[in-house]
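Read off the chains here:
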Amino acid sequence: MSEAAYPPVSQHLSDVESAREEGRRKMDWALQHMPILNALREEFADERPLAGETVAMAMHVEAKTANLVELLADGGAEVAITGCNPLSTHDDVSAALDAHESITSYAVRGVDDDAYYDAMHACVAHEPTITVDDGMDMVKLVHEEYPGLIDSIVGGAEETTTGVDRLRAMDADGELHYPVFAVNDTPMKQLFDNVHGTGESSLATIAMTTNLSWAGKDVVVGGYGQCGKGVAKKASGQNANVVVCEVDPRKALEAHMEGYEVLPMKEAAKKGDVFVTTTGNRDVITREHFEEMSDGVLLANAGHFDVEVNLDDLDDLAVDRYEVRDGVEGFEMADGRVLNVIAEGRLVNLAAPIALGHPVEVMDQSFGVQAVVVRELAESGDAYDAGVHDVPDELDREVADIKLAAEGVEYDELSDEQREYMDSWEHGT
């Protein structure tokens, strides 16, 4: 591995050995509940499908992610990793990864913007052949500042909705010059990670950070994509009253027919106790909404970037701002109302002080897809042209099969006659 100007995490910490020990303890606990990664570890360690590859990753560096990183290293890859959010790194886990002979971790919690990108530059300095992103910052950096690496990169993988949206925009402009798999869009990600993962972890983090109940609260969910559906479903399940705000008429109708109240944000702002944004877009909640909100509301973001709740607008309106609780900042309005922002408006289930991210079992599925996609790029990357690609269905099914086997769940298979019937256009009434 090449030397980089920005030092690895181990050089940022005062007690590296203690951090590594605690990070390893977290990773070991998570791995006990990750049957997919455990099964793939056996295969990867035996067959070493990633031998000769260098993988650069920008991810949320916590225990579950760390087990994916080690899986790739056990499969033969050299890995350089950094964070994809300044507040989602667990320094102890990052330090444990950095102790691995084939892994260099530059992820440090709480860095400023300059250090965030310095660490990403350090990863790219390893001259990756494969990139793994959560948000697309790594792909963007390679294309804008390291175009000379593009010819030697066989492909990449993108974990989250925001990143896939950015990639598709980049592809539409003809600016994406190597293949990237849209891991976010595959069923094993959409059906579980986005719905159950985001729903459960966001609500659990908000509840633990505030020590407040969901029962009887009016919860406003910005966006009714898969993540918004999860937040709405889980909040309703904890006896909250859910209001959905949408810009797509079909999603608004879907939310309406699921039994939720659907309102424009300007109207929802008047009645909400808790606001959770899940859109991946900017300015979901702005000045006109803050002006309508009640004293004591909670504002949280479950989208990837910290642009959904416009904190510049909120700061302009505030006559004072102060920490009201660890991880919660109060913005006092001129009329005495206080609007409370959790985790600085960043991804709440990972950026709050006590946040742990998605449940382990959920991330086992998503990271299983990441792993088989990286394996596919190492083995067959030349078969894919530049651009955004769906994950091959057989790879998604492979991960589902591993999970079902681990759970002891059996399911039916089509007979030859059924397959022929489904594949033929000649059968009529």
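Located above this text is the structure these notes cover.
The rules we used
- Residues numbered from 1 in each chain as written.
- Predicted model: local features only at pLDDT ≥ 70, side-chain atom pairs only at ≥ 80, totals over all residues.
- Heavy atoms only, no water.
- Helix = DSSP H or I, 4+ residues; strand = E, 2+ residues; numbered from the N terminus.
- Rg over C-alpha atoms; globule rule 2.2 N^0.38 Å.
- Buried < 20%, exposed > 50% of the residue type's maximum accessible area, 1.4 Å probe, protein only.
- Areas by Shrake-Rupley, 256 points an atom, 1.4 Å probe, with all protein chains shown as cover.
- Lys, Arg positive; Asp, Glu negative; His and termini not counted.
- Charge placed at Lys NZ, Arg CZ, Asp CG, Glu CD.
- Pairing = 2+ DSSP bridges.
- Salt bridge = Lys/Arg side-chain N within 4 Å of Asp/Glu carboxyl O.
- 1 Å grid on protein atoms, 1.4 Å probe; cavity = no way out; pocket = protein on both sides within 12 Å on 5 of 7 lines; lining within 4 Å.
- Points joined across faces, edges and corners; volume = space filled by probe spheres on them.
- Nonpolar A, V, L, I, M, F, W, Y, C, P; charged D, E, K, R; others polar.
- Phe/Tyr/Trp six-rings, centres within 6.5 Å; stacked < 30°, edge-to-face > 60°.

1. Brief notes about the overall build of the protein
Check the secondary structure of the protein and you find 17 helices and 15 strands. Whereas a compact globule of 429 residues would reach a radius of gyration of roughly 22 Å, the protein reaches 22 Å, a difference of no more than 12%. In terms of overall dimensions, the protein has C-alpha extents of about 75 × 65 × 45 Å along its principal axes. Looking at the protein residue by residue over its 429 residues, the buried ones come to 56%. Only carbon and sulfur atoms are counted for the fraction: they give 45% of the accessible area of the protein, which is about 18700 Å². When the 31 basic and 86 acidic side-chain charges of the protein are each reduced to a single mean position, those positions are 6 Å apart.

2. Topic: the sheet that holds strand E12 (residues 318–325)
With respect to topology, eight strands assemble into an open sheet ordered E9-E8-E7-E10-E11-E14-E13-E12, the strand pairing being mixed. Both outer strands of the open sheet, strand E9 (261–262) and E12, are each paired with one neighbouring strand and no more. Here strand E7 (residues 218–222) runs beside strand E8 (residues 241–245); their pairing, made up of five bridges, is parallel. Of the residues in E8, the one forming a bridge with Val220 is Val243.

3. Side note on the pattern of salt bridges
Tallied over the entire structure, the rule returns 28 salt bridges. For Glu254, the salt bridge identified is with Lys229, shortest N-O distance 3.0 Å. Taken as a pair, Glu254 in helix H10 (residues 249–257) and Lys229 in helix H9 (residues 226–237) lie far apart in primary sequence, 25 residues in all. Given the relative accessible area of 30%, Glu254 is considered partly exposed. Lys271 is the partner of Glu261 in a salt bridge, and the nearest nitrogen-oxygen pair spans 2.8 Å. With Glu261 in strand E9 and Lys271 in the loop between helix H11 (265–268) and strand E10 (274–277), this pair connects stretches of sequence that are 10 residues apart. The partly exposed category is assigned to Lys271, whose relative accessible area is 31%.

4. Describing the layout of surface pockets
Estimates place the volume of the largest pocket at around 990 Å³. Sorting the residues of the lining of the largest pocket by element identifies helix H3 (63–74), helix H7 (161–172), helix H8 (187–210), H9, helix H14 (348–351) and helix H15 (360–380) as the ones contributing at least two each. For the lining of the largest pocket, the element with the highest residue contribution is H8, accounting for five residues. Looking at side-chain class alone, the lining of the largest pocket contains 15 nonpolar, 23 polar and 12 charged residues.

5. Details of the packing of aromatic side chains
By the definition in use, this model includes three aromatic pairs. The interplanar angle of 90° and the centroid separation of 4.9 Å between the aromatic rings of Tyr116 and Tyr117 together place this pair among those described as edge-to-face. With a centroid separation of 4.9 Å and an interplanar angle of 75°, the aromatic rings of Phe181 and Tyr384 are classed as edge-to-face. Taken together, the residues Phe181 in strand E6 (residues 179–182) and Tyr384 in the loop between H15 and strand E15 (387–389) connect sequence positions 203 residues apart. Each member of the pair, Phe181 together with Tyr384, is buried.

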